[in-house]
Amino acid sequence: MEYKDYYATLRLKKDASQEEIQKAYRKLARKYHPDVNKSPDSELKFKEIGEAYEVLKDPEKRKKYDQYGAAWRHVQQGGGGVPPEWQGFDFGDLGGGGFDFGGAGGGEGFSSFFEMLFGSRGAGGTAGRGRGVRWSEGGASFGPRPGADAEAQIALTLDEAIRGGPRELSFADPSTGKRTNLSVKIPPGVRSGQRIRLAGRGLSGEDGAQPGDLYLRIEVPPDPRFRVEGNDIYTQLPVSPWEAALGGEAQVETPQGRVGVRIPPGSSSGRKIRLRGRGLPQPGNPEKRGDLYAEIKVVVPERLSERERELFEQLAQTSEFKARA
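Engineer: Explanation requested: the side chain of R167 in the structure shown.
Structural biologist: Among the structural elements, R167 can be located in strand 4 (residues 165–172). A polar side-chain atom of R167 sits 3.5 Å from the main-chain carbonyl oxygen of A155. The contacts of R167, once residues within four sequence positions are left out, are E43, K47, I154, A155, L156, E160, L182, S183, V184 and I186.

As C-alpha coordinates, then:
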(Lines give C-alpha, C1' and ligand atoms only; values in the text may rest on other atoms or scores of the structure.)
Protein backbone atom coordinates (compact mmCIF):
# COMPACT_ATOMS: atom_id res chain seq x y z
CA MET A 1 0.00 0.00 0.00
CA GLU A 2 1.51 3.29 -1.09
CA TYR A 3 1.56 5.98 1.59
CA LYS A 4 0.58 9.44 0.43
CA ASP A 5 1.38 12.36 2.71
CA TYR A 6 -1.81 14.40 2.34
CA TYR A 7 -0.51 17.08 4.69
CA ALA A 8 2.56 17.59 2.49
CA THR A 9 0.32 17.68 -0.61
CA LEU A 10 -1.61 20.61 0.88
CA ARG A 11 1.60 22.10 2.37
CA LEU A 12 0.26 21.88 5.91
CA LYS A 13 1.46 20.75 9.31
CA LYS A 14 -0.21 17.74 10.88
CA ASP A 15 -1.96 19.87 13.52
CA ALA A 16 -3.58 22.16 10.92
CA SER A 17 -7.11 23.32 11.72
CA GLN A 18 -10.09 22.60 9.45
CA GLU A 19 -10.10 26.25 8.42
CA GLU A 20 -6.40 26.07 7.47
CA ILE A 21 -7.08 22.90 5.44
CA GLN A 22 -9.89 24.59 3.53
CA LYS A 23 -7.83 27.73 2.85
CA ALA A 24 -4.83 25.70 1.67
CA TYR A 25 -7.02 23.63 -0.63
CA ARG A 26 -8.71 26.64 -2.22
CA LYS A 27 -5.36 28.34 -2.80
CA LEU A 28 -3.75 25.29 -4.42
CA ALA A 29 -6.87 24.30 -6.39
CA ARG A 30 -6.96 27.79 -7.87
CA LYS A 31 -3.23 27.59 -8.72
CA TYR A 32 -3.32 24.18 -10.41
CA HIS A 33 -6.82 24.25 -11.94
CA PRO A 34 -6.42 22.89 -15.51
CA ASP A 35 -8.38 25.84 -16.90
CA VAL A 36 -5.85 28.25 -15.37
CA ASN A 37 -2.56 26.35 -15.19
CA LYS A 38 -1.41 24.99 -18.54
CA SER A 39 1.71 23.15 -17.28
CA PRO A 40 1.86 19.42 -18.22
CA ASP A 41 1.57 18.21 -14.61
CA SER A 42 -1.18 20.61 -13.48
CA GLU A 43 -4.02 18.09 -13.93
CA LEU A 44 -2.18 15.43 -11.89
CA LYS A 45 -1.41 17.92 -9.11
CA PHE A 46 -5.01 19.14 -9.18
CA LYS A 47 -6.24 15.55 -8.67
CA GLU A 48 -3.72 14.91 -5.86
CA ILE A 49 -4.84 18.09 -4.11
CA GLY A 50 -8.49 17.04 -4.44
CA GLU A 51 -7.73 13.56 -3.05
CA ALA A 52 -5.88 14.99 -0.04
CA TYR A 53 -8.66 17.48 0.69
CA GLU A 54 -11.35 14.80 0.42
CA VAL A 55 -9.70 12.92 3.32
CA LEU A 56 -8.50 15.75 5.55
CA LYS A 57 -11.72 17.78 5.38
CA ASP A 58 -13.64 14.88 6.96
CA PRO A 59 -12.78 14.59 10.69
CA GLU A 60 -13.56 10.86 10.78
CA LYS A 61 -11.48 10.03 7.69
CA ARG A 62 -8.68 12.29 8.93
CA LYS A 63 -8.62 10.51 12.30
CA LYS A 64 -8.24 7.11 10.63
CA TYR A 65 -5.62 8.45 8.21
CA ASP A 66 -3.59 9.89 11.09
CA GLN A 67 -3.81 6.60 12.99
CA TYR A 68 -3.33 4.00 10.25
CA GLY A 69 -1.56 5.84 7.43
CA ALA A 70 -1.70 3.95 4.12
CA ALA A 71 -4.05 1.33 5.60
CA TRP A 72 -6.74 3.82 6.64
CA ARG A 73 -9.13 2.88 3.80
CA HIS A 74 -8.92 -0.79 4.77
CA VAL A 75 -9.80 0.11 8.33
CA GLN A 76 -12.76 2.25 7.21
CA GLN A 77 -14.15 -0.41 4.86
CA GLY A 78 -13.53 -3.42 7.12
CA GLY A 79 -15.45 -4.74 10.10
CA GLY A 80 -15.95 -7.66 12.41
CA GLY A 81 -13.94 -8.91 15.33
CA VAL A 82 -11.70 -11.95 15.80
CA PRO A 83 -13.27 -15.14 14.36
CA PRO A 84 -13.47 -17.88 17.02
CA GLU A 85 -11.00 -20.04 15.06
CA TRP A 86 -8.29 -17.37 15.51
CA GLN A 87 -8.85 -16.42 19.13
CA GLY A 88 -5.72 -17.03 21.18
CA PHE A 89 -3.46 -17.10 18.11
CA ASP A 90 -0.03 -15.55 18.75
CA PHE A 91 0.50 -12.95 16.03
CA GLY A 92 3.95 -12.16 17.39
CA ASP A 93 5.28 -15.06 15.31
CA LEU A 94 4.46 -13.19 12.10
CA GLY A 95 7.49 -10.98 12.51
CA GLY A 96 7.87 -7.47 13.86
CA GLY A 97 5.78 -8.12 17.00
CA GLY A 98 4.03 -5.50 19.04
CA PHE A 99 0.82 -5.34 17.00
CA ASP A 100 -1.93 -3.33 18.67
CA PHE A 101 -5.36 -4.77 17.89
CA GLY A 102 -7.32 -2.17 19.82
CA GLY A 103 -7.81 -4.17 23.03
CA ALA A 104 -8.93 -7.67 24.03
CA GLY A 105 -11.08 -9.58 21.58
CA GLY A 106 -9.83 -7.81 18.43
CA GLY A 107 -11.94 -4.87 17.23
CA GLU A 108 -11.25 -2.42 14.47
CA GLY A 109 -7.46 -2.59 14.71
CA PHE A 110 -7.52 -6.37 14.40
CA SER A 111 -9.90 -6.17 11.45
CA SER A 112 -7.52 -3.83 9.63
CA PHE A 113 -4.55 -6.11 10.20
CA PHE A 114 -6.55 -9.20 9.24
CA GLU A 115 -7.51 -7.58 5.93
CA MET A 116 -3.88 -6.88 5.10
CA LEU A 117 -3.17 -10.61 5.49
CA PHE A 118 -6.21 -12.24 3.90
CA GLY A 119 -8.40 -9.56 2.31
CA SER A 120 -11.53 -8.20 3.95
CA ARG A 121 -13.89 -10.75 2.38
CA GLY A 122 -12.43 -13.25 4.85
CA ALA A 123 -13.45 -10.95 7.71
CA GLY A 124 -16.94 -10.20 6.41
CA GLY A 125 -16.11 -7.08 4.37
CA THR A 126 -16.63 -6.27 0.70
CA ALA A 127 -13.20 -5.04 -0.40
CA GLY A 128 -9.55 -6.00 -0.17
CA ARG A 129 -7.48 -8.84 -1.56
CA GLY A 130 -5.97 -12.06 -0.26
CA ARG A 131 -6.34 -15.83 -0.23
CA GLY A 132 -9.70 -17.44 -0.94
CA VAL A 133 -10.58 -17.95 2.73
CA ARG A 134 -14.18 -17.86 3.97
CA TRP A 135 -15.48 -18.30 7.50
CA SER A 136 -18.42 -20.56 8.31
CA GLU A 137 -19.82 -22.37 11.31
CA GLY A 138 -17.54 -25.27 10.52
CA GLY A 139 -14.44 -23.10 10.46
CA ALA A 140 -12.32 -21.83 7.57
CA SER A 141 -12.82 -23.09 4.03
CA PHE A 142 -10.76 -22.39 0.95
CA GLY A 143 -11.80 -22.16 -2.68
CA PRO A 144 -12.49 -19.84 -5.63
CA ARG A 145 -13.39 -16.35 -4.54
CA PRO A 146 -14.91 -13.54 -6.59
CA GLY A 147 -12.72 -10.51 -7.13
CA ALA A 148 -13.03 -7.60 -4.75
CA ASP A 149 -14.66 -4.32 -5.68
CA ALA A 150 -12.33 -1.40 -6.30
CA GLU A 151 -12.78 2.34 -6.11
CA ALA A 152 -11.07 5.12 -8.02
CA GLN A 153 -11.50 8.88 -7.89
CA ILE A 154 -12.11 11.11 -10.90
CA ALA A 155 -11.59 14.84 -10.54
CA LEU A 156 -13.80 16.88 -12.89
CA THR A 157 -13.93 20.59 -13.51
CA LEU A 158 -17.33 22.20 -13.03
CA ASP A 159 -17.76 22.45 -16.80
CA GLU A 160 -16.98 18.73 -17.24
CA ALA A 161 -19.47 17.85 -14.50
CA ILE A 162 -22.17 19.94 -16.20
CA ARG A 163 -21.57 18.59 -19.71
CA GLY A 164 -20.77 14.98 -18.89
CA GLY A 165 -19.68 12.85 -21.83
CA PRO A 166 -16.96 10.26 -22.55
CA ARG A 167 -13.83 10.09 -20.43
CA GLU A 168 -10.77 7.94 -21.14
CA LEU A 169 -9.30 6.11 -18.13
CA SER A 170 -6.30 3.87 -17.61
CA PHE A 171 -5.75 1.79 -14.48
CA ALA A 172 -3.89 -1.33 -13.35
CA ASP A 173 -5.28 -4.34 -11.49
CA PRO A 174 -2.97 -4.57 -8.43
CA SER A 175 -3.54 -8.33 -8.25
CA THR A 176 -2.31 -9.03 -11.79
CA GLY A 177 -0.48 -5.84 -12.83
CA LYS A 178 -2.50 -5.82 -16.06
CA ARG A 179 -3.32 -2.32 -17.30
CA THR A 180 -6.75 -1.64 -18.75
CA ASN A 181 -7.96 1.32 -20.81
CA LEU A 182 -11.62 2.27 -20.48
CA SER A 183 -13.95 4.77 -22.04
CA VAL A 184 -16.50 5.88 -19.43
CA LYS A 185 -19.59 7.97 -20.08
CA ILE A 186 -20.01 10.61 -17.36
CA PRO A 187 -23.70 11.52 -16.86
CA PRO A 188 -24.45 15.25 -17.24
CA GLY A 189 -24.81 17.10 -13.94
CA VAL A 190 -22.87 14.72 -11.66
CA ARG A 191 -22.09 15.93 -8.14
CA SER A 192 -19.15 15.41 -5.80
CA GLY A 193 -19.46 12.14 -3.92
CA GLN A 194 -21.56 10.36 -6.54
CA ARG A 195 -20.28 6.99 -7.72
CA ILE A 196 -20.46 5.35 -11.14
CA ARG A 197 -20.50 1.53 -11.13
CA LEU A 198 -18.64 -0.39 -13.83
CA ALA A 199 -19.69 -4.03 -13.50
CA GLY A 200 -16.89 -6.58 -13.76
CA ARG A 201 -14.12 -3.97 -13.90
CA GLY A 202 -12.86 -4.47 -10.35
CA LEU A 203 -10.11 -6.77 -9.07
CA SER A 204 -9.67 -10.17 -10.71
CA GLY A 205 -11.28 -13.22 -9.14
CA GLU A 206 -9.33 -16.28 -8.05
CA ASP A 207 -9.39 -19.68 -9.74
CA GLY A 208 -11.73 -18.52 -12.51
CA ALA A 209 -14.15 -16.64 -10.26
CA GLN A 210 -15.88 -13.47 -11.50
CA PRO A 211 -14.06 -10.13 -11.10
CA GLY A 212 -15.45 -7.47 -8.78
CA ASP A 213 -16.92 -4.12 -9.78
CA LEU A 214 -15.16 -0.80 -10.19
CA TYR A 215 -16.72 2.28 -8.60
CA LEU A 216 -15.69 5.68 -9.87
CA ARG A 217 -16.14 8.32 -7.19
CA ILE A 218 -16.72 11.80 -8.60
CA GLU A 219 -14.87 14.76 -7.12
CA VAL A 220 -15.72 18.27 -8.34
CA PRO A 221 -13.36 20.62 -6.46
CA PRO A 222 -14.69 24.11 -5.69
CA ASP A 223 -14.09 26.53 -8.54
CA PRO A 224 -12.92 29.94 -7.23
CA ARG A 225 -15.03 31.64 -9.92
CA PHE A 226 -18.35 30.01 -9.03
CA ARG A 227 -20.57 29.00 -6.13
CA VAL A 228 -22.96 26.08 -6.59
CA GLU A 229 -26.27 25.95 -4.70
CA GLY A 230 -28.44 23.01 -5.71
CA ASN A 231 -28.84 23.22 -9.49
CA ASP A 232 -28.00 26.94 -9.62
CA ILE A 233 -24.61 28.59 -10.08
CA TYR A 234 -23.59 32.01 -8.75
CA THR A 235 -20.76 34.23 -9.95
CA GLN A 236 -19.71 37.82 -9.25
CA LEU A 237 -19.94 40.57 -11.86
CA PRO A 238 -17.69 43.54 -10.97
CA VAL A 239 -19.04 46.87 -12.31
CA SER A 240 -17.81 50.45 -12.02
CA PRO A 241 -19.86 53.12 -10.20
CA TRP A 242 -20.90 54.75 -13.49
CA GLU A 243 -21.93 51.39 -14.99
CA ALA A 244 -23.99 50.69 -11.88
CA ALA A 245 -25.66 54.12 -12.10
CA LEU A 246 -26.11 54.41 -15.87
CA GLY A 247 -26.36 50.76 -16.92
CA GLY A 248 -24.41 49.18 -19.73
CA GLU A 249 -23.17 45.95 -21.30
CA ALA A 250 -20.80 43.42 -19.72
CA GLN A 251 -19.37 39.93 -20.23
CA VAL A 252 -20.24 37.35 -17.53
CA GLU A 253 -18.03 34.34 -16.80
CA THR A 254 -19.88 31.00 -17.05
CA PRO A 255 -18.51 27.42 -16.94
CA GLN A 256 -19.11 27.22 -20.71
CA GLY A 257 -17.46 30.56 -21.53
CA ARG A 258 -18.29 34.28 -21.45
CA VAL A 259 -21.83 35.52 -22.12
CA GLY A 260 -22.97 39.09 -22.77
CA VAL A 261 -25.52 40.65 -20.38
CA ARG A 262 -27.16 44.04 -19.88
CA ILE A 263 -26.57 45.88 -16.60
CA PRO A 264 -29.81 47.63 -15.58
CA PRO A 265 -29.43 51.33 -14.64
CA GLY A 266 -29.39 51.99 -10.90
CA SER A 267 -27.90 48.61 -9.93
CA SER A 268 -26.45 48.28 -6.43
CA SER A 269 -24.11 45.57 -5.16
CA GLY A 270 -26.00 42.33 -4.60
CA ARG A 271 -28.43 42.72 -7.47
CA LYS A 272 -28.66 39.50 -9.49
CA ILE A 273 -28.84 39.11 -13.25
CA ARG A 274 -30.42 35.76 -14.13
CA LEU A 275 -29.22 33.61 -17.04
CA ARG A 276 -31.81 30.88 -17.54
CA GLY A 277 -30.64 27.33 -18.19
CA ARG A 278 -26.96 28.05 -17.50
CA GLY A 279 -26.84 26.03 -14.26
CA LEU A 280 -26.42 22.31 -13.56
CA PRO A 281 -28.67 19.66 -15.12
CA GLN A 282 -31.18 18.23 -12.67
CA PRO A 283 -30.16 14.71 -11.53
CA GLY A 284 -32.14 12.15 -13.50
CA ASN A 285 -33.51 14.81 -15.85
CA PRO A 286 -30.62 16.37 -17.82
CA GLU A 287 -33.04 18.31 -20.03
CA LYS A 288 -34.05 20.44 -17.04
CA ARG A 289 -31.30 22.75 -15.86
CA GLY A 290 -30.81 25.29 -13.12
CA ASP A 291 -29.92 28.93 -13.72
CA LEU A 292 -26.79 31.03 -13.41
CA TYR A 293 -26.95 34.25 -11.39
CA ALA A 294 -24.45 37.07 -11.92
CA GLU A 295 -24.26 39.04 -8.66
CA ILE A 296 -23.34 42.67 -9.20
CA LYS A 297 -20.44 43.99 -7.14
CA VAL A 298 -19.76 47.73 -7.43
CA VAL A 299 -16.02 48.41 -7.31
CA VAL A 300 -14.22 51.75 -7.19
CA PRO A 301 -10.68 52.72 -8.33
CA GLU A 302 -8.05 52.31 -5.61
CA ARG A 303 -6.27 55.41 -6.92
CA LEU A 304 -7.90 58.42 -8.60
CA SER A 305 -6.34 60.70 -11.16
CA GLU A 306 -6.68 64.42 -10.56
CA ARG A 307 -9.45 64.63 -13.14
CA GLU A 308 -11.33 61.67 -11.65
CA ARG A 309 -11.13 63.16 -8.18
CA GLU A 310 -12.41 66.46 -9.60
CA LEU A 311 -15.41 64.77 -11.19
CA PHE A 312 -16.24 62.74 -8.08
CA GLU A 313 -16.07 65.90 -5.96
CA GLN A 314 -18.41 67.69 -8.38
CA LEU A 315 -20.81 64.76 -8.21
CA ALA A 316 -20.68 64.76 -4.42
CA GLN A 317 -21.57 68.48 -4.36
CA THR A 318 -24.27 68.21 -7.01
CA SER A 319 -26.05 64.92 -6.22
CA GLU A 320 -28.95 64.85 -3.78
CA PHE A 321 -28.66 61.07 -3.38
CA LYS A 322 -28.18 59.92 0.20
CA ALA A 323 -26.81 56.38 0.59
CA ARG A 324 -27.64 56.38 4.32
CA ALA A 325 -31.03 58.01 4.34
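And the narrative resumes.
Engineer: I'm lost on the pattern of salt bridges in this one. Help?
Structural biologist: Opposite charge on two side chains makes pairing possible when the charged atoms of those side chains draw close. Taken as a whole and judged by the stated rule, the model has 22 salt bridges. Linking E54 and R217 is a salt bridge whose minimum nitrogen-to-oxygen distance equals 3.8 Å. With E54 in helix 3 (residues 42–56) and R217 in strand 7 (residues 214–219), the pair connects residues that are 163 residues apart, well separated along the chain. The closest approach of N and O atoms between R307 and E310, which form a salt bridge, is 2.9 Å.

Engineer: How should the sheet that holds strand 7 be read in this particular structure?
Structural biologist: Reading across the sheet, the 3 strands line up as 3-7-6 and stay open at both edges, with mixed pairing between neighbours. Since the sheet does not close on itself, it has two edges, and those belong to strand 3 (150–155) and strand 6 (195–198), each with one partner. Strand-to-strand twist across the sheet, computed as the mean angle between neighbouring axes with direction ignored, equals 25°. When strand 6 meets strand 7, the two strands line up antiparallel, connected through 4 bridges. Within the sheet, the bridge partner assigned to L198 lies in strand 7 and is L214. Helix 3 rests against strand 3 and strand 7 of the sheet, and its axis sits at about 120° to strand 3.

Engineer: Explanation requested: the packing of aromatic side chains in the structure shown.
Structural biologist: Two measures describe an aromatic ring pair: the distance that separates the ring centres and the angle between the ring planes. On inspection of all chains with the given rule, the structure shows 4 aromatic pairs. Judged by centre distance (6.1 Å) and plane angle (40°), the rings of Y7 and Y65 are tilted. Of this pair, Y7 sits in helix 1 (residues 6–9) while Y65 is found in helix 4 (residues 59–68), placing the two residues 58 residues apart along the sequence. Three or more aromatic residues link up through ring pairs in this structure, and these residues are Y6, Y7 and Y65.

Rules used throughout
Residues numbered from 1 in each chain as written. Predicted model: local features only at pLDDT ≥ 70, side-chain atom pairs only at ≥ 80, totals over all residues. Heavy atoms only, no water. Helix = DSSP H or I, 4+ residues; strand = E, 2+ residues; numbered from the N terminus. Polar contact = N/O pair within 3.5 Å; in protein donor to acceptor, adjacent residues only side chain to side chain. Contact = heavy atoms within 4.5 Å. Salt bridge = Lys/Arg side-chain N within 4 Å of Asp/Glu carboxyl O. Pairing = 2+ DSSP bridges. Axes fitted to C-alpha atoms, helices over the stretch in contact; angles between N-to-C directions. Phe/Tyr/Trp six-rings, centres within 6.5 Å; stacked < 30°, edge-to-face > 60°.

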